[in-house]
Amino acid sequence: MEPNSDLPGEICGPGLKFINNRIEDLAMEVSYDPIENTGKIIFNLSLIPNENLEEAISLFRNAYRAGLSVSDKVRFFGSGARLEGLTIPDGFAGICTMCTITLDGILLRRGVPIQPVGGGLVEIVDRVPRRFTHMILYRSTTIDPLEVLVAQDLTSILRVMKEGSGTILANLRECHMEAESLVIGLLDDFSSVGFTGILEVGAPNLPILGVPANPQYFGVAMVGGTNPMAALKEQGIRVVTKALKGVMDVAEMGSIRDY
């Protein structure tokens, strides 16, 4: 059975819905507290052939150590398990990982004026992020931008892990400048609990990684939550990833460091 043969056709619910609307809907369900490590987070779901599961775990662990995954949080499902209206197909394992958009959910729930901008590719040179080379705006697509870019085989995540230079998946949001101290504090809280996905925080009214900011806003760029799965695809492993799949209690997830 093909890994996507059991995926529901209306993955974002009935009717046409742009990704920025999907983000807003899920944001209202986020209750994650990074300090207490409790509450609900947004997760991505990937399907991996069972024979490649150990390889996937090893690569995910290495990606986390290299700072190329959002978080160490992970949960595994076996064939036949039901999750958000999806049955994991025979011969495949389901891997749930934290989605970067969890941050957007926390900020929105705390009343921070925020604009999710889009997802794209960031050029890395000597382990330093340089610029966005591609960007798909959330308001202009009904498919998650990172899913689109992975399908185009434009990443070089394995090379970044080995050599420190290449192209990775990332996303961008803008926050109002009056909330700068609150956002910085929240990002510090995230970092203290293993959230490794912060690429760069821009200054108000100035471009971030080559992308202009709207007046009175500053940008926050973060690694894409599907980077480890894109790296698996680079290795020739069949993987299907559905970003923004739903919400999950973080207490149900473990750490990739324990596998």
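Not measured: the values here are computed from a predicted model.

Novice: Explain unusual backbone geometry residue by residue, including any values.
Specialist: Keep in mind that most residues, glycine aside, have a negative phi and that most peptide bonds are trans. You will see that Asn37, though not glycine, has its phi angle at about 55 degrees, which is positive. When you line up the elements, Asn37 lands in the loop between α1 (19–27) and β1 (40–49). Here the phi dihedral of Leu209 falls at roughly 50 degrees; this positive angle occurs in a residue that is not glycine. Residue position: Leu209 is located in the loop between β9 (198–201) and β10 (217–223). We classify Leu209 as buried; its relative accessible area is 5%.

Novice: Go over the pattern of salt bridges with me, naming the residues and quoting the values.
Specialist: This structure, assessed with the given rule, holds eight salt bridges. Taking the shortest distance from any N to any O, the salt bridge between Arg173 and Asp104 comes out at 2.7 Å. Taken together, the residues span a long stretch of sequence, with Arg173 in strand β8 (residues 166–176) and Asp104 in helix α3 (residues 101–109) at a distance of 69 residues. The class for Arg173 is buried, based on a relative accessible area of 1%. In this structure, Lys242 engages Glu147 in a salt bridge whose closest nitrogen and oxygen atoms are separated by 3.9 Å. Of this pair, Lys242 sits in strand β11 (residues 240–249) while Glu147 sits in helix α4 (residues 145–151), and the two are 95 residues apart along the sequence.

Novice: Can you lay out the sheet that holds strand β5 (residues 92–98) for me, pointing to particular residues and giving the numbers?
Specialist: Judged by pairing direction, the sheet is antiparallel, and its five strands sit side by side in the order β11-β1-β5-β2-β12 without closing on themselves. For this open sheet the edge positions go to β11 and β12 (254–255), each flanked by a neighbour on one side alone. Where β1 lies against β11, seven bridges are found, and the strand directions are antiparallel. Bridge assignment links Ser46 to a residue of β11, and that residue is Thr241. Lying on the sheet, helix α7 (residues 227–234) is in contact with β1, β5 and β11; it crosses β1 at an angle near 10 degrees.

Novice: If you had to explain the nonpolar core to someone new, which residues and values would you point to?
Specialist: Ile168 and Val183 are the most contacted members of the largest nonpolar core, which has 82 residues in total. Residue contributions to this core peak at seven residues, all from helix α2 (residues 53–65). Residues in contact with Val183, not counting those within four places in the same chain, are Leu107, Val112, Cys175, Phe218 and Val220.

Novice: Any chance you could break down the packing of α2 against α7 for me, citing the residues and the numbers?
Specialist: Two elements in contact, α2 and α7, have axes separated by 9 Å at closest approach and are oriented at 125 degrees. Relative to α7, the element α2 is oriented oblique. For the pair α2 and α7, the crossing hand works out as right-handed. Residues Glu55, Ala56, Leu59, Phe60 and Ala63 of α2 form the contact with α7, whose participating residues are Pro228, Ala231 and Leu232. The class makeup of the residues in the contact of α2 with α7 is seven nonpolar, no polar and one charged.

Conventions adopted
- Residues numbered from 1 in each chain as written.
- Predicted model: local features only at pLDDT ≥ 70, side-chain atom pairs only at ≥ 80, totals over all residues.
- Heavy atoms only, no water.
- Helix = DSSP H or I, 4+ residues; strand = E, 2+ residues; numbered from the N terminus.
- Buried < 20%, exposed > 50% of the residue type's maximum accessible area, 1.4 Å probe, protein only.
- Salt bridge = Lys/Arg side-chain N within 4 Å of Asp/Glu carboxyl O.
- Pairing = 2+ DSSP bridges.
- Contact = heavy atoms within 4.5 Å.
- Axes fitted to C-alpha atoms, helices over the stretch in contact; angles between N-to-C directions.
- Core = buried A, V, L, I, M, F, W, Y, C linked by side-chain atoms within 4.5 Å.
- Parallel < 35°, antiparallel > 145°, perpendicular 65-115°, else oblique.
- Left-handed = near helix turned anticlockwise from the far one by under 90°.
- Nonpolar A, V, L, I, M, F, W, Y, C, P; charged D, E, K, R; others polar.

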